[in-house]
Amino acid sequence: MSDYRAELLWTRGDQDFLDQRYSRRHRLRFDGGAEISASSSPLSVPLPMSDASAIDPEEMLVAAVSSCHMLWFLHLAAKRHWRVDEYRDQAVGSMGRNGQGKPYIARIVLRPQVVFCNTRRQPTAAEIDLLHELAHAECYIANSVRAEVVCEAVR
């Protein structure tokens, strides 16, 4: 099987740290050269210890599920010779508490809106729904998380 890597770098700098008021901002680097600023969510750790302009782990999880679903959807559509012009998703992850009372991402709702090329071979609503069902079943990330992942396609 494949291995996927990410490098994380956080440094304390001149912050006290033991007072719990240290910055949660850090860098994430990926093998292709992408680098992003990351932080705890301001919903979890208040400002200024969090950085609202950086991506947080919860957002990354929701984005990973959305991205994986889209990649599978595009693959399946292309195999069926349906040309996709645009794919947008307004995905939302909602927190809940597990049986031990610990917070977790309990539900991720994908709201993909797909625009197909205006040709004579357009998929029906039922065919689009089937593509979403198949994409969900194949998505590595959705298959890796405990959260309920729901796809509510927008037409």
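This text follows the structure it describes.
(A) Spatial organisation of the overall build of the protein chain. Counting its regular elements, the protein chain contains two helices and eight strands. When the helices and strands of the protein chain are placed in sequence order, the string is β-β-β-α-β-β-β-β-α-β. Since a compact globule built from 155 residues should have a radius of gyration of about 15 Å, the 19 Å found for the protein chain marks it as more spread out than a globular shape. With the C-alpha coordinates aligned to their principal axes, the bounding extent of the protein chain is approximately 65 × 40 × 30 Å. In the protein chain, which comprises 155 residues, the share counted as buried stands at 30%. For the protein chain, restricting intrachain contacts to residue pairs at least 6 apart in sequence, the fraction spanning at least 24 positions comes to 50%.

(B) Representation of the pattern of salt bridges in the model. By the definition in use, this model includes nine salt bridges. Beyond isolated ion pairs, a larger network of salt bridges with shared partners links Glu7, Arg27, Arg29 and Glu35.

(C) Fine view of helix α1 (residues 57-79). Over its 23 residues, α1 extends 33 Å from the first C-alpha to the last, a length consistent with the 33 Å expected when each residue adds 1.5 Å. For α1, the complete set of buried residues consists of Val62, Val65, Ser66, Cys68, His69, Trp72, Phe73, Leu76 and Ala77. Taken together, the buried residues of α1 touch β4 (84-89), β5 (92-97), β6 (103-110), β7 (112-116), α2 (125-138) and β8 (148-151). Positive phi appears at histidine 81, one or two residues downstream of α1, with a value of about 65 degrees.

(D) Expanded view of the packing of α1 against α2. Two elements in contact, α1 and α2, have axes whose closest approach is 8 Å; the angle formed by their N-to-C orientations is 125 degrees. As far as their axial angle goes, α2 and α1 are oblique. In this structure, α1 meets α2 at a crossing whose hand is right-handed. Counting all contacts with α1, which are made through His69, Trp72, Phe73, Leu76 and Ala77, the residues of α2 involved are Ile128, Leu131, His132, Leu134, Ala135, His136 and Glu138. Class assignment for the residues of the contact of α1 with α2 results in eight nonpolar, three polar and one charged.

(E) Looking closely at the nonpolar core. Judged by nonpolar contacts, the single largest core of 21 residues is most densely connected at Phe73, Ile108, Phe116, Leu131 and Val149. Those elements giving two or more residues to this core turn out to be α1, β6, β7 and α2. With seven residues, α1 is the largest single contributor of residues to this core. Among residues more than four places away in sequence, those in contact with phenylalanine 73 are Val84, Tyr87, Val114, Phe116, Ile128, Leu131, His132 and Ala135.

(F) Molecular detail of α2. Here α2 contains 14 residues, and its C-alpha end-to-end distance of 20 Å stays within 8% of the 20 Å for a straight helix at 1.5 Å per residue. Those residues of α2 not exposed but buried are Ile128, Leu131, His132 and Ala135. Taken around the axis of α2, the buried residues stretch over an arc of 95 degrees, which confines them to a single face. Residues of α2 that are exposed and angled more than 90 degrees away from the buried face: Ala126 and Glu133. On its buried face, α2 is in contact with α1, β4, β7 and β8.

Procedures and definitions
- Residues numbered from 1 in each chain as written.
- Predicted model: local features only at pLDDT ≥ 70, side-chain atom pairs only at ≥ 80, totals over all residues.
- Heavy atoms only, no water.
- Helix = DSSP H or I, 4+ residues; strand = E, 2+ residues; numbered from the N terminus.
- Rg over C-alpha atoms; globule rule 2.2 N^0.38 Å.
- Buried < 20%, exposed > 50% of the residue type's maximum accessible area, 1.4 Å probe, protein only.
- Contact = heavy atoms within 4.5 Å.
- Salt bridge = Lys/Arg side-chain N within 4 Å of Asp/Glu carboxyl O.
- Expected span 1.5 Å × (residues − 1).
- Axes fitted to C-alpha atoms, helices over the stretch in contact; angles between N-to-C directions.
- Parallel < 35°, antiparallel > 145°, perpendicular 65-115°, else oblique.
- Left-handed = near helix turned anticlockwise from the far one by under 90°.
- Nonpolar A, V, L, I, M, F, W, Y, C, P; charged D, E, K, R; others polar.
- Core = buried A, V, L, I, M, F, W, Y, C linked by side-chain atoms within 4.5 Å.
- Arc of directions from axis to C-beta.

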